[in-house]
Amino acid sequence: YRARFRRDVVVVLVGYRRQGHNELDDPSVTQPVSYKLVKSKIPPEALYAEKLDAANVATSAQTEAMRQSILSQLLHEYSESARYKKDGTDWL
């Protein structure tokens, strides 16, 4: 954007942790009002899929297929990570 339009851009990102801080955390115990509101929200990927469908960009079946494909790839990579062997060149 900057190279093409010679202007800066500011992105304001507002987010929340739908499941709390980690998989063992139950945020509804310490933040019941906030997480009642969080549970009532439609997930962003569902909202985006609705917008794509309304704009005739992709059908709900196509967006679901994309979602399943991405989930499948993530699960595959996660299972592959069990076989990862760290060597001396790794910096993390």
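Just so we're clear, the structure is a prediction, and the values are computed from it rather than from any experiment.

## Thoughts on a nonpolar patch on the surface
Now for step 1: Taken together, the side chains of Tyr1, Phe5, Val9, Val11 and Leu13 define a hydrophobic patch exposed on the protein surface, amounting to about 620 Å² of accessible area.
Now for step 2: Relative to the elements of secondary structure, valine 11 occurs in the loop between helix H1 (2-5) and helix H2 (27-30).
Now for step 3: Taking the relative accessible area as the measure of exposure, valine 11 reaches 67% and is therefore exposed.

## Topic: the environment of glutamate 45
Now for step 1: For glutamate 45, the position within the fold is in helix H4 (residues 44-54).
Now for step 2: Glutamate 45 gets classed as exposed once you look at its relative accessible area, which sits at 52%.
Now for step 3: Along the backbone, glutamate 45 and aspartate 25 are 20 residues apart, and their C-alpha atoms lie at a distance of 23 Å.

## Description of the pattern of salt bridges
Now for step 1: By the definition in use, this model includes three salt bridges.
Now for step 2: Aspartate 8 is the partner of arginine 2 in a salt bridge, and the nearest nitrogen-oxygen pair spans 2.8 Å.
Now for step 3: Between glutamate 64 and arginine 67 there is a salt bridge, with its nearest N and O atoms 3.1 Å apart. Note that glutamate 64 and arginine 67 are positioned in helix H5 (residues 60-81) at a spacing of three residues, about one turn of the helix.
Now for step 4: Of the residues examined, glutamate 64 reaches a relative accessible area of 34% and is grouped as partly exposed.
Now for step 5: On the basis of relative accessible area, arginine 67 is assigned to the partly exposed category, the value being 40%.

Rules behind the numbers
- Residues numbered from 1 in each chain as written.
- Predicted model: local features only at pLDDT ≥ 70, side-chain atom pairs only at ≥ 80, totals over all residues.
- Heavy atoms only, no water.
- Patch = residues over 30% accessible without salt bridge, like charges linked within 9 Å, V, L, I, M, F, W, Y side chains within 5 Å.
- Areas by Shrake-Rupley, 256 points an atom, 1.4 Å probe, with all protein chains shown as cover.
- Salt bridge = Lys/Arg side-chain N within 4 Å of Asp/Glu carboxyl O.
- Helix = DSSP H or I, 4+ residues; strand = E, 2+ residues; numbered from the N terminus.
- Buried < 20%, exposed > 50% of the residue type's maximum accessible area, 1.4 Å probe, protein only.

Don't take any of this as a statement about function, it's just geometry.
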